[in-house]
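Read off the chains here:
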Amino acid sequence: MTKKKRLPKDQLKKLLIDNSILRGIEQGRYTKVIEDDSPARRIPKGRSLIISYYQGSQYICTKHELRTKRGDTVHQDVEAVFISGTRYERLGP
């Protein structure tokens, strides 16, 4: 059974860094699945994306990104990360 724990977004980001997951994302080690692609409210013609990452069939994490019309990422937050049998989810906004 998977344990669940809620953490503030800064602690979720720290988990990504401390477990080299962020580096793996940047190096393209994981399969990216865009779960949602919607118009961004605060960026004219920009996009709001929910992206999950997998290694094979194993879920790694989910993040939210805001991108400009050109595709530049201007904001990103970690929504959830799975490490050693525990799913850590974002606490609050």
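Above this text is the structure in question.
Counting restarts for each chain: residues are numbered from 1 in the order of the written sequence. Given that this is a predicted model, residues contribute local features only at a pLDDT of at least 70 and side-chain atom pairs are listed and counted only at 80 or more, while totals for whole chains, interfaces and linings are drawn from all residues. The side-chain values count all of the structure's non-hydrogen atoms but skip hydrogen atoms and water molecules.

If you look at the biggest cluster of nonpolar residues, it comprises 17 residues, and the most contacted ones within it are Ile21, Cys61 and Val81. Among the elements of the structure, helix 1 (9-18), helix 2 (21-26), strand 3 (47-55), strand 4 (58-67) and strand 5 (73-83) are those that each provide at least two residues to this core. Note on contacts: a residue pair is in contact if any heavy atoms of the two residues lie within 4.5 Å. Apart from the residues lying within four places of it in its own chain, the contact partners of Cys61 are Leu16, Ile21, Ile25, Ile51, Ser52, Tyr53, Ala80 and Val81. Buried Ala, Val, Leu, Ile, Met, Phe, Trp, Tyr and Cys residues that are joined via side-chain atoms within 4.5 Å together make up what is termed a nonpolar core. Relative accessible area decides the class of each residue, using a 1.4 Å probe on protein chains only: under 20% of the type maximum gives buried, over 50% gives exposed, and in between gives partly exposed. Each helix corresponds to a stretch of at least 4 residues labelled H or I by DSSP, and each strand to a stretch of at least 2 residues labelled E; elements are numbered beginning at the N terminus.

What follows deals with the sheet that holds strand 4. For sheets, the rule is that strands pair by backbone hydrogen bonds, running either parallel or antiparallel. In space, the 6 strands of this open sheet follow the order 1-6-5-4-3-2, with mixed pairing throughout. With partners counted over all chains shown, the strands left at the sheet margins are strand 1 (3-7) and strand 2 (31-39), one partner each. Recorded for the sheet is a direction-independent mean angle of 20 degrees between the axes of neighbouring strands. Paired strands are those between which DSSP finds at least two bridges. Both strand 3 and strand 4 contribute to a ladder of 9 bridges, which runs antiparallel. The angle between two axes is taken between their N-to-C directions and runs from 0 to 180 degrees, where each axis is a line fitted to C-alpha atoms and a helix contributes only its stretch in contact.

Salt bridges, as used here, are contacts in which a Lys or Arg side-chain nitrogen is within 4 Å of a carboxyl oxygen on Asp or Glu. Throughout the structure, instances matching the rule amount to 9 salt bridges. Residue Lys14 is joined to Asp18 by a salt bridge in which the shortest nitrogen-to-oxygen separation is 2.6 Å. In this pair, Lys14 and Asp18 both sit in helix 1, 4 residues apart, roughly one turn of the helix. With a closest N to O distance of 2.7 Å, Arg70 and Asp72 form a salt bridge. Ionic contacts of the salt-bridge type, sharing partners, join the residues Arg6, Arg87 and Glu89 into one network.

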